[in-house]
Amino acid sequence: MEELLRPLALEILLMKKILKMVGIALLSFVLIIILGVTLFLTFSPQFGKSPSKAQKQEFAKTDHYEDGKFVNRSASPMNIDIIENLKEFTKKAPERSPAKAIDPLKIDSAQIANHPDSSTQLIWFGHSTFLLQINGLKLLLDPMFGDVPSPHPFLGEKRYSNELPIEIENLPQIDAVIFSHDHYDHLDYKSVKKLKDKVDHFFVPLGLGSHLQYWGVAGEKIQELDWWQETQFRGLRLACTPARHFSGRGLFDRAATLWASWVIQSKDDNIYFSGDSGYDEHFKKIGEKYGPFDFAMLECGQYNEDWKYIHMMPEETAQAAVDLRAKLAMPIHWGAFTLAFHSWTDPVVRVKAKAKELGVNLITPQIGEAIELGALDLPQKEWWLKYVED
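Residues numbered from 1 in each chain as written. Predicted model: local features only at pLDDT ≥ 70, side-chain atom pairs only at ≥ 80, totals over all residues. Heavy atoms only, no water.

**Q** Help me out: how do you make sense of the sheet that holds strand E11 (residues 261-265) in this one?
**A** Whether parallel or antiparallel, the strands of a sheet pair through hydrogen bonds between backbone atoms. The six strands are arranged E9-E10-E11-E12-E13-E14 in an open sheet whose pairing can be described as mixed. Looking at which strands have only one partner, the edges of the open sheet turn out to be strand E9 (230-233) and strand E14 (329-332). Neighbour-to-neighbour, the strand axes of the sheet open up by a mean angle of 20°, direction not taken into account. Against the sheet, helix H8 (residues 314-324) contacts strand E12 (270-273), strand E13 (295-299) and E14, and its axis sits at roughly 145° relative to E13. (Pairing = 2+ DSSP bridges. Helix = DSSP H or I, 4+ residues; strand = E, 2+ residues; numbered from the N terminus. Axes fitted to C-alpha atoms, helices over the stretch in contact; angles between N-to-C directions. Contact = heavy atoms within 4.5 Å.)

Structure representation (structure tokens):
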């Protein structure tokens, strides 16, 4: 009997050893993954740097900073079911992105350099990125030139176009960059690294300068502003104005830096840049204080009922143009990335309909198309239709 049981005992012992080795291998794999994620979250420069203790003490003097965080004027809850949202994002929905890669209109550095000082021109790069030429100056607004709006390429979907109207390396010297807030689809680490030596000055909301300095931008190049603060820059008046949104790049820095919209005024033109914002009374207040505006770039895209207080619905975008007393408006925050569940053309279709109802003069330029303020022929073609699947 003992002779019969010995092979069985050996097999059981062997199985125990195999299971133990498999368990050790699985545990080692999990530990390696945890270690890798921890190291990435701790040392990746993509996450930037939070404001210092001294800065936070200064922020506390404002009336929109509580318990170590900036806050909106109005309550802005986000009722997000993370599991359901993850399921929704993994669904295959062709209408959420173009049927083929978008071909932007190309520009070159000579075209930018030779632009007359007497004319105000904007060129859209998709989403919320613009090159603004005004008063003989060259400004970039929320220059996100990266392929994926996330801390790592594996964590997001690529840009709709395979190239930009012009690459960073071919841009001429830039007088100033204006950032609205520190989310990845607006503040891009690699873009800043490439731009920092060809930009004279950076204008940002409170706290955001910490990221820029951490990435190598000289402190004397950066000016931080609070809501309703103004500054002068080479003949321009810049005003940092409120928005209804939030900020944060990592797991533990939510609302550590301020978010904002911006007013840019020259002797001839009055321009508004919304950044990201849910609809609220601040649009009317900005319109009363700084309007009417010759041109308003207004967020219109990446919305959802779950986060309706921090991103406007398209109909609210049209109403915001009315509140601001904008003579001309343009929907932005669409046309480049998929960051919500609606179809990629839903923002522009809906805002056009509401703008017509409200009597808002709306333009819809192609990516890379020049917008000459004051021109009689402004871009209004439905260019996106060629990228919609039949």
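There is more to say after this.
**Q** I would appreciate a short explanation of the packing of aromatic side chains in the present structure.
**A** The description of an aromatic ring pair uses the distance of the two centres, along with the angle that the planes make with each other. Evaluation of the coordinates by the stated rule reveals 21 aromatic pairs. Between Phe-70 and Trp-259, the aromatic rings sit 6.5 Å apart at their centres with planes inclined by 80°, giving edge-to-face as the arrangement. A residue pair is termed long-range when its members are at least 10 positions apart, and Phe-70 in strand E2 (residues 69-70) and Trp-259 in the loop between strand E10 (236-241) and E11 qualify at 189 residues. A single burial state applies to Phe-70 and to Trp-259, both of which are buried. A ring pair is formed by Tyr-160 and Trp-344, whose centres lie 5.8 Å apart and whose planes are at 75°; its orientation type is edge-to-face. On the criterion of sequence distance, the pair formed by Tyr-160 in the loop between strand E5 (137-141) and strand E6 (174-178) and Trp-344 in the loop between E14 and helix H9 (346-358) is long-range, its members being 184 residues apart. (Phe/Tyr/Trp six-rings, centres within 6.5 Å; stacked < 30°, edge-to-face > 60°. Buried < 20%, exposed > 50% of the residue type's maximum accessible area, 1.4 Å probe, protein only.)

**Q** How should the environment of Glu-95 be read in this particular structure?
**A** For Glu-95, the location among the structural elements is in the loop between helix H3 (82-90) and helix H4 (109-113). Linking Glu-95 and Thr-345, residues 250 residues apart in sequence, is a C-alpha distance of 8.3 Å. When sequence neighbours within four positions are dropped, the list of residues in contact with Glu-95 reads Ser-343 and Trp-344.

**Q** I'm lost on the pattern of salt bridges in this one. Help?
**A** Any two side chains of opposite charge can pair if their charged atoms end up close together. Counted according to the given criterion, the structure contains 16 salt bridges. With a shortest N-O distance of 3.0 Å, Glu-58 and Lys-61 are connected by a salt bridge. When the shortest N-O distance is used, the salt bridge between Glu-163 and Lys-106 registers 3.6 Å. Taken together, the positions of Glu-163 in the loop between E5 and E6 and Lys-106 in the loop between H3 and H4 put the pair 57 residues apart, joining distant regions of the chain. Classification of Lys-106 by relative accessible area gives partly exposed; the value is 45%. (Salt bridge = Lys/Arg side-chain N within 4 Å of Asp/Glu carboxyl O.)

**Q** Before we go on, may I ask you to explain the environment of Val-148 in this structure?
**A** Looking at the element boundaries, Val-148 is found in the loop between E5 and E6. According to the relative accessible area criterion, Val-148 is buried, its value standing at 12%. For the pair Val-148 and Tyr-160, spaced 12 residues apart in sequence, the C-alpha separation works out to 9.9 Å. Discounting residues that sit within four places of it in the chain, Val-148 has contacts with Pro-153, Gly-156, Glu-157 and Lys-158.

**Q** Would you mind going over the side chain of Asp-323 with me for this structure?
**A** Structurally, the position occupied by Asp-323 is in helix H8. Within the buried core, Asp-323 has no salt-bridge partner, and the shortest N-O distance to an opposite charge, that of Lys-284, equals 6.4 Å. Within the structure, Asp-323 has its side chain in polar contact with the side chain of Tyr-279 (distance 2.4 Å). Excluding its chain neighbours within four sequence positions, the residues that come into contact with Asp-323 are Tyr-279, Phe-283, Lys-284 and Gly-287. (Lys, Arg positive; Asp, Glu negative; His and termini not counted. Polar contact = N/O pair within 3.5 Å; in protein donor to acceptor, adjacent residues only side chain to side chain.)

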